Amino acid sequence: RKEVEQDPGPFNVPEGATVAFNCTYSNSASQSFFWYRQDCRKEPKLLMSVYSSGNEDGRFTAQLNRASQYISLLIRDSKLSDSATYLCVVNIRDTGRRALTFGSGTRLQVQP
Amino acid sequence: ETGVTQSPTHLIKTRGQQVTLRCSSQSGHNTVSWYQQALGQGPQFIFQYYREEENGRGNFPPRFSGLQFPNYSSELNVNALELDDSALYLCASSAGTGEAKNIQYFGAGTRLSVL
């Protein structure tokens, strides 16, 4: 079983739609959580950190449920420029390993 | 831009050859992590360097090795290249302490093709 699991998509949505991505993680030692965005053939870029209390950045809202080991990202009023792959990322502080563990990504295509 | 630079941007090698990839971290960052991203997959952690010492390693064989220099730049070396080593290799830098160390900033990557 993968440590971070995401629906690969693609999610094809019209401009202006609201879309939600979900992610589950298996390691209860996970302590930090992030969403990264990756455009085709580019590097991942930090979209937002995710906190237990939930956090919002403009049209983007992230939620964390530690009990269910579940992370979500909600995008409101989708723009064409939101088309990308969204990577769910956790930081697992096991001994000797302080690195990010990535899901395989969920592809979003926003259509005119 | 993140201030993390990688070279070269593209590289073609043949099986059995050796390759060295380079990374300059963002100013003020003393931690560098390397990741391998195969097509259609998320990045996979190779190893991390903090103040010139290896600080954790993922599930990669010993033919993947690295260095970090006093200026915190880093190299990834891969010996005896295999076809499956074809991937995008990403370097990420972060500050070494506090919550900031969990935020990693990526370079544009080196795309390696092994023929």
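Before any of the text, the structure's been laid out above.
Analysis parameters
- Residues numbered from 1 in each chain as written.
- Chains lettered and ligands numbered in written order.
- Predicted model: local features only at pLDDT ≥ 70, side-chain atom pairs only at ≥ 80, totals over all residues.
- Heavy atoms only, no water.
- Helix = DSSP H or I, 4+ residues; strand = E, 2+ residues; numbered from the N terminus.
- Rg over C-alpha atoms; globule rule 2.2 N^0.38 Å.
- Buried < 20%, exposed > 50% of the residue type's maximum accessible area, 1.4 Å probe, protein only.
- Contact = heavy atoms within 4.5 Å.
- Lys, Arg positive; Asp, Glu negative; His and termini not counted.
- Charge placed at Lys NZ, Arg CZ, Asp CG, Glu CD.
- Areas by Shrake-Rupley, 256 points an atom, 1.4 Å probe, with all protein chains shown as cover.
- Pairing = 2+ DSSP bridges.
- Axes fitted to C-alpha atoms, helices over the stretch in contact; angles between N-to-C directions.
- Buried area = accessible area lost by both parts, 1.4 Å probe.
- Salt bridge = Lys/Arg side-chain N within 4 Å of Asp/Glu carboxyl O.
- Polar contact = N/O pair within 3.5 Å; in protein donor to acceptor, adjacent residues only side chain to side chain.
- Nonpolar A, V, L, I, M, F, W, Y, C, P; charged D, E, K, R; others polar.

S.K.: Got a sec to walk through the overall build of chain B? Specific residues and values, please.
M.R.: A count of helical and extended segments in chain B gives zero helices and 11 strands. Shown N-terminal to C-terminal, the secondary structure of chain B runs as helices and strands in the order β-β-β-β-β-β-β-β-β-β-β. For 115 residues, the compact-globule estimate of 2.2 N^0.38 gives 13 Å, and chain B sits close to it at 13 Å. By its C-alpha atoms, chain B is 40 × 25 × 25 Å across when sized along the principal axes. Evaluated residue by residue, chain B yields a buried proportion of 53% over its 115 residues. Of all intrachain contacts in chain B linking residues separated by at least 6 positions in sequence, the fraction that spans at least 24 positions is 53%. Of the charged side chains in chain B, 8 are positive and 9 negative; the average position of the first set lies 4 Å away from that of the second.

S.K.: Give me the overall build of chain A: which residues, what numbers.
M.R.: Helix and strand counts for chain A come out as zero helices and 11 strands. Helices and strands appear in chain A in the N-to-C order β-β-β-β-β-β-β-β-β-β-β. Taking 112 residues into account, the globule formula puts the C-alpha radius of gyration at 13 Å, and chain A, at 14 Å, falls close to it. Overall size of chain A, expressed as C-alpha extent along the three principal axes, is 45 × 30 × 20 Å. Burial analysis of chain A (112 residues in total) assigns 48% to the buried set. Across chain A, contacts joining residues at least 24 apart in sequence account for 58% of those joining residues at least 6 apart. Approximately 5,400 Å² of chain A is accessible, and the part contributed by carbon and sulfur atoms is 46%. On chain A, the mean spot of the 14 positive side-chain charges and the mean spot of the 11 negative ones are 5 Å from each other.

S.K.: For the sheet that holds strand β8 (residues 74-78) of chain B, give the residues involved together with the corresponding values.
M.R.: Residue and element names in this part refer to chain B. What the four strands build is an open sheet, ordered β1-β3-β8-β7; its pairing is antiparallel. Two strands in the sheet have a free side with no partner beyond their single neighbour: β1 (5-7) and β7 (64-68). Pairs of neighbouring strands in the sheet enclose a mean axial angle of 20°, with direction left out of account. Two elements, strand β3 (residues 19-24) and β8, share five bridges in a ladder whose sense is antiparallel. In the sheet register, C23 faces β8, and the bridge partner there is S74.

S.K.: I'd like a description of the interface of chain A and chain B, backed by residues and values.
M.R.: Each side of the interface is counted separately: chain A has 22 residues, and chain B has 21 residues. A buried area of about 1,800 Å², summed over both sides, lies between chain A and chain B, and 49% of it is on carbon and sulfur atoms. The tally of links between chain A and chain B comes to zero salt bridges. In this assembly, chain A and chain B are joined by four residue pairs in polar contact (both at pLDDT 80 or more). When contributions to the side of chain A that touches chain B are tallied by element, the ones reaching two or more residues are β4 (30-38), β5 (44-50), β9 (84-94) and β10 (97-102) of chain A. Its residues placed into classes, the side of chain A that touches chain B shows eight nonpolar, seven polar and seven charged.

S.K.: Tell me about the pattern of salt bridges, and name the residues and values.
M.R.: Summed over all chains, the structure comprises eight salt bridges over all chains. Note that D39 of chain A and R37 of chain A form a salt bridge whose closest N and O atoms lie 2.8 Å from each other. For the salt bridge of R59 of chain A with D82 of chain A, the shortest nitrogen-to-oxygen distance reads 2.8 Å. Residue R59 of chain A is found in the loop between β6 (55-57) and β7 (60-65), and its partner D82 of chain A is found in the loop between β8 (70-75) and β9; the two are separated by 23 residues along the sequence. A relative accessible area of 22% places R59 of chain A in the partly exposed class. Salt bridges sharing common partners tie together R63, E82 and D85 of chain B.

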